[in-house]
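A structural walkthrough
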Amino acid sequence: MLACRKKVLSNGLRLVAVEMPHLHSAEMAVYLKVGGRNDPPAKAGISHFLEHMLFRGTSEFATNLELEVAFEAIGGSVNAATDEETTCYFSRIHPSRIPRGIELFSSMLLRPALTGIEIEKKIITEEALEDINERGEETNPHNLSSRLLWPGHSLGMPTIGYLDTIQDIRESDLREHLARHYVPQNGLIVVAGQVEPESFFDACQKSFGDWKGPAPEVSVAASEAQDAPRSLFVKDSDSQVNLHIAFRGFARPDKRMMPLRLIRRILCGGGCSRLHLALREKLGIVYSVDASISAYHETGAFSIELATAPENLPVAVAEVLRQVRALSVEEVGEEELQRVREGYFYDLEYSRDSTYEMQVRYGWGELMEMVRSLEEDHAEVEGIGAGQIKATARELFEPARLNLVAVGPQKAPARREVEKLLAEYQRQWA
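One structure accompanies this document, and this report is about it. In this convention, every chain numbers its residues from 1, walking through the sequence in written order. In view of the model being predicted, local features appear only for residues whose pLDDT reaches at least 70, and side-chain atom pairs are presented and counted only at 80 or more, with totals across whole chains, interfaces and linings using the full set of residues. Processing note: side-chain calculations cover all non-hydrogen atoms of the structure and skip hydrogens and water entirely.

1. Notes on the overall build of the protein chain
Note the cut-off: For the purposes of this entry, the term helix denotes a DSSP run of H or I that reaches at least four residues, the term strand denotes a run of E that reaches at least two, and both are numbered from the N terminus. Remark: exposure states derive from per-residue accessible area (1.4 Å probe, protein chains only) relative to the maximum for the residue type, with buried under 20%, exposed over 50%, and partly exposed in between. Throughout, a residue-residue contact means that at least one pair of heavy atoms, one from each residue, lies within 4.5 Å. Values of accessible area rely on a 1.4 Å probe in the Shrake-Rupley scheme; residue burial ignores everything except the protein chains shown. His is not counted here, nor are the chain ends, while Lys and Arg score as positive and Asp and Glu score as negative. Every charge is mapped onto a representative atom, which is NZ of Lys, CZ of Arg, CG of Asp or CD of Glu.
Along the backbone of the protein chain there are 16 helices and 11 strands. Taken over the C-alpha atoms alone, the protein chain extends approximately 60 × 50 × 35 Å along its principal axes. Residue burial in the protein chain is summarised as follows: out of 430 residues, 54% are buried. In the protein chain, the proportion of contacts linking residues at least 24 apart, taken out of those at least 6 apart, comes to 80%. Carbon and sulfur atoms form 50% of the exposed surface of the protein chain, whose accessible area is close to 18800 Å². Across the protein chain, the centroid of the 48 positively charged side chains sits 3 Å from that of the 64 negatively charged ones.

As structure tokens, this is what we get:
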């Protein structure tokens, strides 16, 4: 039986223990509420850079190899990720070694050596170069869409940073960023799996109880000023065009988020989804099509992504726009909606067996102050009807929310045709 216990240390550090006693493993994660949106423009990428640096050694472990060996000794393999709003360090750990895992994470976060900066710059530069073409232009569709959605704001910057900002980062910058954002009130430690909560809480108190730091900073809100579709075309020497159609979405607490999840499944939720059937099975112009939801404190995005041959670009854009418009003017049939609901319910049940999904649900959810139980999600989806789906789609897919990015070997006639399609989409909506 799944159970969740919480505790807050006197320094403000939040602790979450998700008991899954039938399992034989545990997943531990340390979350920090800091990401790309907290990077100053001149230091774009510093949150991601700092995440890398915490693996390069600590006061107790002189090198990254020593740190890796220490995690392997407790059944783990430590990893990390930085996104727009959070940084997360995580590892699977044997249940009997949870206290040792907490000690290792405290060594990383509280006593990093921050040595080997020049080597790490080379590594991160290689990572950044994967998204840059031979002319030095950005080619990552997600990064380009973010630039269109939130121009001039840190949410519009690539989380990895730029080549020049990566090179400009110094040890003093990293230590300042660490002191400013790696503070207990900004953090949360979660473990999901076979865990004894009180033992976990005691171990966290021992390793993190003396952690101190200033109050977390408040992020600058992003502007949502946009009154017409935007488009960006980047030439790249590839065999296909990568198409990214992003609609400005909703903030995390928004009540339209759950209907939005169902809309994603209706459009791109598998072999029976509308865009899969239209673009792959009917037109044969894509291998796959996917959709994703980004939800931040005050804004968000709903993105549709695919790759197709250059000559198929206008056809693909036209079909995507046709399908999203249809959702905004016609109610989904009850049979289709129930099939989508059932798929969501099955995924909820499957997540009960995943320590990773449970630590995200109850750990990340607690960090962002939006914890929801599986039962709450189930009940809300059960109550969503076709009218609510249509109303949400009508707001989401407005032309003034549309941002299109195409990266690849497209030609001028195709670009002009796509721009005409966007203009027609706006006229139809009016």
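2. Topic: the pairing of strand β5 (residues 87-93)
As a general feature of sheets, a regular strand has side chains that alternate between the two faces. Note the following rule: At least two bridges found by DSSP between two strands are what make those strands a pair.
Counting buried positions along β5 gives 5 out of 7 residues, so the element sits mostly inside the fold. Of the strand pairs in this sheet, strand β3 (residues 26-32) and β5 are connected by 7 bridges, and their pairing is antiparallel. Residue pairing in the sheet places L32 in a bridge with T87 of β5. Judged from the 4 bridges that link them, strand β4 (residues 79-82) and β5 form a sheet pairing that is antiparallel. Residue N79 lies in a different strand from β5, and its bridge partner there is F90. Connecting β4 to the next strand, β5, in antiparallel fashion are 4 residues.

3. Looking at the pattern of salt bridges
Cut-off, in case you're wondering: Only one rule defines a salt bridge in this text: a Lys or Arg side-chain nitrogen within 4 Å of an Asp or Glu carboxyl oxygen.
Under the counting rule described, the total for this entry stands at 29 salt bridges. Here E176 ties to R180 by a salt bridge, and the two come within 2.7 Å at their closest N and O atoms. Here the residue E176 and the residue R180 both occupy positions in helix α7 (residues 171-181), the gap between them amounting to 4 residues, near one helical turn. Relative accessible area serves as the criterion here: at 42%, E176 is assigned to the partly exposed category. One salt bridge in this structure joins E395 and R256, with 2.8 Å as the shortest N-O distance. Taken together, the positions of E395 in helix α15 (residues 386-396) and R256 in the loop between β8 (241-248) and α9 (257-268) put the pair 139 residues apart, joining distant regions of the chain. Counted as one network, the salt bridges with shared partners bring together R261, R361, R372, D377 and E380.

4. Thoughts on the nonpolar core
Which entries qualify depends on this criterion: In this text, buried Ala, Val, Leu, Ile, Met, Phe, Trp, Tyr and Cys residues form a nonpolar core when linked through side-chain atoms within 4.5 Å.
In this structure, L243, L267, F302, I304, F397 and L404 are the most contacted members of the largest nonpolar core, which totals 66 residues. Residue contributions to this core peak at 8 residues, all from α9. With near-sequence residues (within four places) excluded, I304 lies in contact with L243, H244, I245, L267, L275, V289, D290, A291, V320 and V324. Membership of the second largest hydrophobic core comes to 49 residues, among which are L9, A80, I102 and L109.

5. A short note on the packing of aromatic side chains
Note the cut-off: Side-chain rings of Phe, Tyr and Trp, where Trp is taken by its six-membered ring, are said to pair if the distance between their centres is within 6.5 Å; with planes under 30 degrees apart they count as stacked, over 60 as edge-to-face, and otherwise as tilted.
Under the defined criterion, the tally for this structure stands at 9 aromatic pairs. With 6.5 Å between their ring centres and 65° between their planes, Y89 and Y182 make a pair best called edge-to-face. Of this pair, Y89 sits in strand β5 while Y182 sits in the loop between α7 and β6 (187-193), and the two are 93 residues apart along the sequence. Owing to a relative accessible area of 0%, Y89 belongs among the buried residues under this scheme. With relative accessibility at 4%, the residue Y182 sits in the buried group. Geometrically, the ring pair formed by Y425 and W429 is tilted, given 5.6 Å between the ring centres and 45° between the ring planes. Here Y425 and its partner W429 are both found in helix α16 (residues 412-429), 4 residues apart, which amounts to about one turn of the helix. No difference in accessibility class separates Y425 from W429, as the two residues are buried. Each residue in the set F55, Y89 and Y182 is aromatic and connected to the rest through ring pairs, giving one cluster.

6. Quick word on the sheet that holds strand β9 (residues 289-295)
Strand pairing in a sheet is mediated by backbone hydrogen bonds. Such pairs are either parallel or antiparallel. Inclusion rule: Under this scheme, a helix contributes an axis fitted over its contacting stretch, all axes are lines through C-alpha atoms, and angles between N-to-C directions fall in the 0 to 180 degree range.
Pairing is mixed in the open sheet, where 5 strands are placed in the order β7-β11-β8-β10-β9. The outermost strands of the open sheet, each flanked by one partner alone, are β7 (230-235) and β9. Strand-to-strand twist of the sheet, defined as the mean angle between neighbouring strand axes without regard to direction, takes the value 15°. Here β8 runs beside strand β11 (residues 402-408); their pairing, made up of 6 bridges, is antiparallel.

7. Points about the packing of helix α3 (residues 98-110) against helix α8 (residues 197-208)
Between two packed helices, what matters for the description is the angle formed by their axes and the separation of those axes. Spelled out, the test is: Put simply, angles under 35 degrees are roughly parallel, angles over 145 are roughly antiparallel, angles from 65 to 115 are roughly perpendicular, and the rest are oblique. The hand of a helix crossing depends on one turn: near helix anticlockwise from the far one by less than a right angle means left-handed, and clockwise means right-handed. Ten residues, namely Ala, Val, Leu, Ile, Met, Phe, Trp, Tyr, Cys and Pro, are considered nonpolar, four, namely Asp, Glu, Lys and Arg, are considered charged, and the remaining ones, Gly among them, are considered polar.
Orientation of α3 relative to α8, taken along the N-to-C sense of each, is 30°, at an axis distance of 9 Å. Taken together, the axis directions place α3 and α8 in an arrangement best described as roughly parallel. Like other packed secondary-structure pairs, α3 and α8 cross with a definite hand, here right-handed. On α8, the residues that touch I98, P99, I102, E103, F105, S106 and L110 of α3 are S199, F200, A203, C204, S207 and F208. Taken together, the residues that form the contact of α3 with α8 break down as 9 nonpolar, 3 polar and 1 charged.

8. Points about the side chain of H48
Short version of the rule: For this analysis, a polar contact is any N or O atom pair within 3.5 Å, provided that within protein one partner can donate a hydrogen and the other can accept it, and provided that sequence-adjacent residues contribute only side-chain to side-chain pairs.
Within the secondary structure layout, H48 lies in helix α1 (residues 46-53). The exposure class assigned to H48 is buried, which follows from its relative accessible area of 7%. At a separation of 3.2 Å, a polar atom in the side chain of H48 contacts the side chain of H52. Those residues within four positions of H48 in sequence are excluded, and the remaining contacts are T82, I124, E127, T159 and I160.

9. Structural notes on the sheet that holds β4
Strands sit in the order β1-β2-β6-β3-β5-β4 across an open sheet of 6 strands; the sheet is mixed. Every interior strand has two partners, whereas the edge strands, β1 (3-8) and β4, have only one. Put simply, the sheet's adjacent strands are angled 15° from each other on average, direction ignored. Sheet topology note: the β1/strand β2 (residues 14-19) ladder contains 6 bridges and is antiparallel. By the bridge assignment for β2, A3 is matched with E19. The sheet contacts of α1 involve β4 and β5, and relative to β4 the element is tilted by about 175°.

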